[in-house]
Structure formats: structure tokens, C-alpha cells
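# Secondary and tertiary structure notes
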Amino acid sequence: MKIEGKVSEHESINMMYERVSKEGVTNIVDRFNAQEKGRCPFCEKGLSCQLCSMGPYRISKDKPTGACGIDAAGMVVRNFTHKNMLGTEAYTYHAIEAAKTLKATAEGKTIYEIKDVEKLKWFAKLLGIEGEDVNELAAKVADFVISDLSSLEKSRLVEIFAPEKRKELWEKLGIFPSGVFQELLTMGSSAMTNVDSNYVSLAKKSMSMSIATCMAAQIALETIQDILFGTPMPHESHSDLGILDPEYVNIAVNGHEPFVGIALIKLAEREEIQEKARKAGAKGLRIIGFIETGQEILQRVDSPVFAGIVGNWIVQEYALATGCVDVFAADMNCTLPSLPEYQRYGVKIVPVSRLVRLKGIDEGLDYEPEKAEEIAMKLIDMAIENFKQRDKSKAVKVEQKKKIVVGFSPEAILKALNGDLNVLLDAIKKGDIKGVVALVSCTTLKNGPHDSSTVTIAKELIKRDILVLSMGCGNAALQVAGLTSMEAVELAGEKLKAVCKALNIPPVLSFGTCTDTGRAAYLVRLIADALGVDVPQLPVAVTAPEYMEQKATIDAVFAVAYGLTTHVSPVPPITGSEDAVKLFTEDVEKLTGGKVVVEEDPLKAAELLEKVIEEKRKALGI
């Protein structure tokens, strides 16, 4: 699909696209359109393979197998599981970094502190760790997490956090996972040439890996970040490019890990740092949130030096083109390879993870917990020096800016319910809330203008009295569209509107990042336990209306293993095999209770999800 006319759901991005396009600067929309005629139809269906030296080859009607003999179903599912592995690896890397940071903090080696002591004690108790000394507890928790992620035995974290009925089912299906490292080894070795070519076997191994990813790595890393930086609680913040003020020194934090960003905020809150920026001619110094790093900070931090979030990964180039950003600190995920060219707008691109390098940028200030303060100080000095040289006359002050409400963790939702989950359950039983849909999505141009499908489906769902939990880059889409604000209550159906007004919550709850999939699963467990039912029986579903990359695919596989109907768009690259399509959209439901629903029209997708929820309600007799 070629993107023409309005390239984005958001006017700020449409305006900045026009600017960079007219200036002849490379940008994601123009690059996407340039690829339109070159897309391989075999690759889109999953029917191409480059694993061995006898390839590359493609499967078609007249050539139904590869040279090795693998059929279409084996090929498309094997290709799919390779993508899933990359998502698991990224989440697990993040989890290990979080655990290392917690341990270093417990040893007094970082700029951070144990901010949520009660969360630490809660987590330690669940893990069977005893003790009164906070730092000793934190160190033991960190060691437990690292040990469990690398365990050859069954994952203790999954044992602790998964619902009983799911664990019984996973045991029966042979997909109860060991540590996530071992699951990666099993999956990667199985998906080599001439090892596992059985599409059902490959899919089951991917499900096992997904369970370890979400119920161990994700839950652990988010809990640790709560312990270090505070558990998200509702508060106001801002979104869209209007948070960029050219009169300030602006440091952007981009990626998926909040560690450097939090260190920057801690330093920026010091008066001597702000005075240093003012002496350079600025009004002060601010930290600007980009994509998931921004989202991690946004949910937890309410600080005058943190301006909010500009949006999701597709907005990076257009935000830098405003000429308002002095330093762009890039951590582990989602930094566009094109960004070095955007240094023409006065920004300095600085990798802050050893994972990130770009053309012409061979070195970085790579994060280590013990060096966080030193790295943050260097970034601040760079930014202030850069501000002195930046041509402020060429900067663009974008007007669009939204006030939003963020920070709806499971604890925050319980707090909004006055600690009584029955308030939510009663609203669901009475039909005031018809059901809940977790929107766990990236953003892509493959199925229309930037963020268009995401915003449309969310509006349709809340109009149908369905509460939305938003995570990932899709969360930023809804924040910039104003759907996580109290003003959005007026867009909800009459019954949901009344609930939102009574509880003083938006109809779309800003729940966090894609990494919060595990946290959302735990909330679903609490609801299922309270009702005494298994997860597939709940009036709950998942949508990824603009999934893009490998983290999204492993999250979707987990949602299906968890027993949830999961809508995805655009069409995944598995359509080259009817057997593979049937496995994911029909057969798996008989095994786990979950399935994949593919629909590219967001209006039709909302109708399908509403139908699923109504069927679940009917089966429960509510």
C-alpha cells in the first residue's frame, strides 16, 4: 500500500513530513513508498528461504518444496519462529540489564535508589526470599531473576505468576517453559536447516518460548523497574511534537530502556544543572521522551524537567527535523538507521547501548549501571554545548500538544477501584463495561497512514462500551490522538462513559509499553481468579492493529497461548500455507482457547472483537 495524501493520523506529523519532503531529506514515508514495486510476493506469504547455501529458493504450486524437502507449512512457520526469537532476545536483554541495575543499586554503585520498598518486599516474598535489609533483599531478587532466566529447569517465575489452569494446560500440551535462555536455545536449534520441519512442533516451541518471555522476562523487568523508579500511578503529562520548545536545551531519550533517561532526569532536577543551561542562553534543560524509553519514564515520572512524549518510532525523523533537539540518546531498540543524516538539523546522535551503532557513528556512551551518572553528565554537557551552536532561527515550534493521563499499572487500576476488584467485575457483569481489549501494538505504514488503524479501532471499541488498555507504540498513537485524556470520555458509549466519570478515568487506560504485556497478563489472571474461571472464558481480547516487528510477534504468540483471541494487522507472512493459517486461526483454539484473527479494516476488526466479547459474556451467563 502506497501512502498518499495525509501520511499520519496526526497533523503535527503531516506538517513536518511536508517540510522534510520538500527539503529533499530522506524520511520513512518516502522510503516506504519507494519500495512499493519491489516487495517480494513470496516473502509476503512466508514462502522464501535463505537458510542454507542451496538457496535462496521459493515455494510455489509447481515447486511445492524446498531443495531439502520442506513444505510450505514448515517453511512459513519456521520463518515466523525466527522472527519470534529476535523479540524474545530483546526482551531478555532488557530483563538482564534491569536485574544488573538493581543489584548494582543495592551495592550502592549507581545514581538510583530503591524507590518502591513495598514492591520489593512483595516481589521477594513471592520469590521465597526472606530478610529485612532492603539492599540485601534487592541483591537476592536480582540474583534470583538472572538465575531463573537462565535455568535449565522449569521457570519459577512462570510458576509464580501464571494462573493455575493455564499451568495445567501448558503441562498437558508440553509447552511449560524452562528458563528463557534455554527456550531460545531449543527454538533456535530446532529452526535450523534440516532439524524440525514439523509446523505444529515449531509453533508449540514458539509458544513455550513466548510464555517464558512474557511471564518471566517481562514481568521481572517491569517489577524491577517499579522497585527502582516507582510503580506507575495516574498523573498528567503531555504528548505530541508541541512539547519541543526551541528555547530549551532538549535531550531526547529513545529506545526501550529507561535507565539513562532516569539518570538524566535526576541530574536535570538539580538547580546547578538548570543554571548551567541558563548561562548558555536557554530557558533551562528538559528531557524529551521518544517511543518506549519515553513511555517507560512517562508512566512513572511526574517531573518539571520531563516534558512528555513526542510519539512513537515513526515520528523520530520528523521530531528531529524541528531543529529543537540537542542530543538524541539512543538505547537498545528502534533507532532509525537514517538518523545520522538528521544531524543537519543541529542534533547530535549518541548511542547509549552497546547494541546500537549507526553509519558514521562507531562509538557511544554505552550504559553500565555503575556509569549511569557519568554518562548522563556527559550527555548534558554535550547538549548544552550543542545548544550554544544550534541555529535557533531555523527551529520549528509545533503547536500541537495534548494533555494526557498516564500510569495505569495493575496497582493503579486497583487504587482507582478503591482497592476492590469487585467494582470492575460488577461493572463487567452488569454490562456497563462490555469487556476489555488490550491494545498491544507497534505502528506501521503497511496498512495505511501512520497510526490511523490504531486510533480508529480504539475509538470504535470505546464507542461500544469496551474498555481499552493501551501498550507499546500504539499507546503513543492514542496519547497523541487524545484518547488517554479525560476529554475522550465523551467519545465512549453511554455505559462506559458513566463508569469513567464515576471512577475519574479515561476510556483508554495508558498501561505502558510492549514490555508490559506480562504485567497485563497478570492483571487478567487477577480477574480470572476473582471470577473463578480460566482466561479464555473472560470477555477479554487483544488487538495489534499495526504490528511491526519481532517483539510484537512473540507477544501475539503468548496471547494465543494464554487463551486470548488476538486480532492482528497487517496480514502476517504465513498465508503461503493453508495448514499454517488454519493452525493459527482455528486449530490452536481447540488447544489453548486462543486464536489469531486477521482483519485489516479497523471498523470490521472492532466488530469482530465485540462479537468475541459478547460470545464470552453469553457463555458466562452475563
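These remarks concern the structure in this document. (Residues numbered from 1 in each chain as written. Predicted model: local features only at pLDDT ≥ 70, side-chain atom pairs only at ≥ 80, totals over all residues. Heavy atoms only, no water.)

### Points about the side chain of Asp516
- Structurally, the position occupied by Asp516 is in the loop between β12 (508-512) and α21 (517-531).
- Judged by its relative accessible area of 3%, Asp516 falls in the buried class.
- Within the local environment of Asp516, its side chain forms a polar contact with the backbone nitrogen of Thr513, the two atoms lying 2.8 Å apart.
- In contact with Asp516, not counting residues within four places along its chain, are Glu222, Met471 and Phe511. (Helix = DSSP H or I, 4+ residues; strand = E, 2+ residues; numbered from the N terminus. Buried < 20%, exposed > 50% of the residue type's maximum accessible area, 1.4 Å probe, protein only. Polar contact = N/O pair within 3.5 Å; in protein donor to acceptor, adjacent residues only side chain to side chain. Contact = heavy atoms within 4.5 Å.)

### Some details on the environment of Gly255
- Structurally, the position occupied by Gly255 is in the loop between β4 (249-254) and α11 (259-268).
- Considered as a pair, Gly255 and Asn333 are 78 residues apart in the sequence and their alpha carbons are 4.5 Å apart.
- Excluding its chain neighbours within four sequence positions, the residues that come into contact with Gly255 are Phe290, Ile291, Glu292, Thr293, Asp331 and Asn333.

### Quick look at the packing of helix α5 (residues 117-127) against helix α10 (residues 199-229)
- The N-to-C vectors of α5 and α10 enclose an angle of 145°; their axes lie 8 Å apart at closest approach. Facing Lys119, Leu120, Trp122 and Phe123 of α5, the residues of α10 in contact are Ala220, Thr223, Asp226 and Ile227.
- Of the residues in the contact of α5 with α10, the class split is five nonpolar, one polar and two charged. (Axes fitted to C-alpha atoms, helices over the stretch in contact; angles between N-to-C directions. Nonpolar A, V, L, I, M, F, W, Y, C, P; charged D, E, K, R; others polar.)

### Regarding the environment of Tyr522
- By secondary structure assignment, the location of Tyr522 is in helix α21.
- Each C-alpha atom, one on Tyr522 and one on Pro410, is 8.2 Å from the other, the two residues being 112 residues apart in sequence.
- Not counting chain neighbours up to four residues away, the residues in contact with Tyr522 comprise Trp122, Phe161, Ile219 and Tyr562.

### What to know about helix α1 (residues 11-22)
- Taking 1.5 Å of rise per residue, the twelve residues of α1 would be expected to cover 16 Å, and the 17 Å separating its terminal C-alpha atoms lies within 8% of that figure.
- Looking at α1, one finds that the buried residues are Ser12, Ile13, Asn14, Met16, Tyr17 and Val20.
- Those residues of α1 that are buried are in contact with α2 (28-34) and α14 (316-320).
- Following α1 by one or two positions, Gly24 has its phi on the positive side, about 75°. (Expected span 1.5 Å × (residues − 1).)

### A closer look at unusual backbone geometry
- A cis amide bond links Gly55 with the next residue in sequence, Pro56, at an omega value of 0°.
- Mapping Pro56 onto the fold places it in the loop between β1 (48-49) and β2 (57-58).
- Between Ser569 and Pro570 the backbone carries a cis peptide bond, its omega angle lying at 5°.
- With phi around 60°, Asn194 is a residue other than glycine that occupies positive phi space.
- Summarising the element assignment, Asn194 is placed in the loop between α9 (180-190) and α10.
- Overall, Asn194 belongs to the exposed group, its relative accessible area being 61%.
- Positive phi outside glycine occurs at Asp451, with the angle close to 70°.
- Mapped onto the elements, Asp451 comes out in the loop between β10 (435-441) and α18 (452-463).

### Points about the sheet that holds strand β13 (residues 540-544)
- Read across the sheet, six strands follow the order β12-β11-β10-β13-β14-β15 without closing on themselves; strand pairing throughout is parallel. In the strand order of this sheet, the two ends are held by β12 and β15 (595-598), each with one partner. The average angle at which neighbouring strand axes cross in this sheet is 25°, direction not considered.
- The pairing of β13 with strand β14 (residues 565-568) spans three bridges and is parallel. Each bridged residue has a counterpart across the sheet, and for Thr543 the counterpart in β14 is His567.
- Contacting β11 (466-472) and β12, helix α13 (residues 291-300) crosses the sheet at an angle of about 110° to β12. (Pairing = 2+ DSSP bridges.)

### Comments concerning the pattern of salt bridges
- Applying the stated criterion across every chain, the model contains 48 salt bridges.
- Here Lys140 makes a salt bridge to Glu136, at a shortest N to O gap of 3.1 Å. With Lys140 and Glu136 both in helix α6 (residues 134-149) and four residues apart, the pair spans about one turn of that helix.
- We classify Lys140 as partly exposed; its relative accessible area is 37%.
- A residue is classified by how much of its surface remains accessible, and Glu136, at 41% relative accessible area, is partly exposed. (Salt bridge = Lys/Arg side-chain N within 4 Å of Asp/Glu carboxyl O.)

### Considerations on the packing of aromatic side chains
- Inspection of the entire model under this criterion finds 14 aromatic pairs.
- Between the aromatic rings of Tyr17 and Tyr318, the centroid separation amounts to 6.3 Å while the plane-to-plane angle is 80°, which identifies the pairing as edge-to-face. Of the two residues, Tyr17 sits in helix α1 while Tyr318 sits in helix α14, which places them 301 residues apart along the sequence. The same class applies to Tyr17 and to Tyr318, which are both buried.
- Each member of the aromatic cluster is reached from another via a ring pair, and the members are Tyr112, Phe229, Phe259 and Tyr367.
- One cation-aromatic arrangement involves Lys154 over Phe176; the distance from NZ or CZ to the ring centre is 5.7 Å.
- Over the ring of Phe387 we find Lys392; its NZ or CZ atom is 4.0 Å from the centre of that ring. (Phe/Tyr/Trp six-rings, centres within 6.5 Å; stacked < 30°, edge-to-face > 60°. Lys NZ or Arg CZ within 6 Å of the ring centre and 35° of its normal.)

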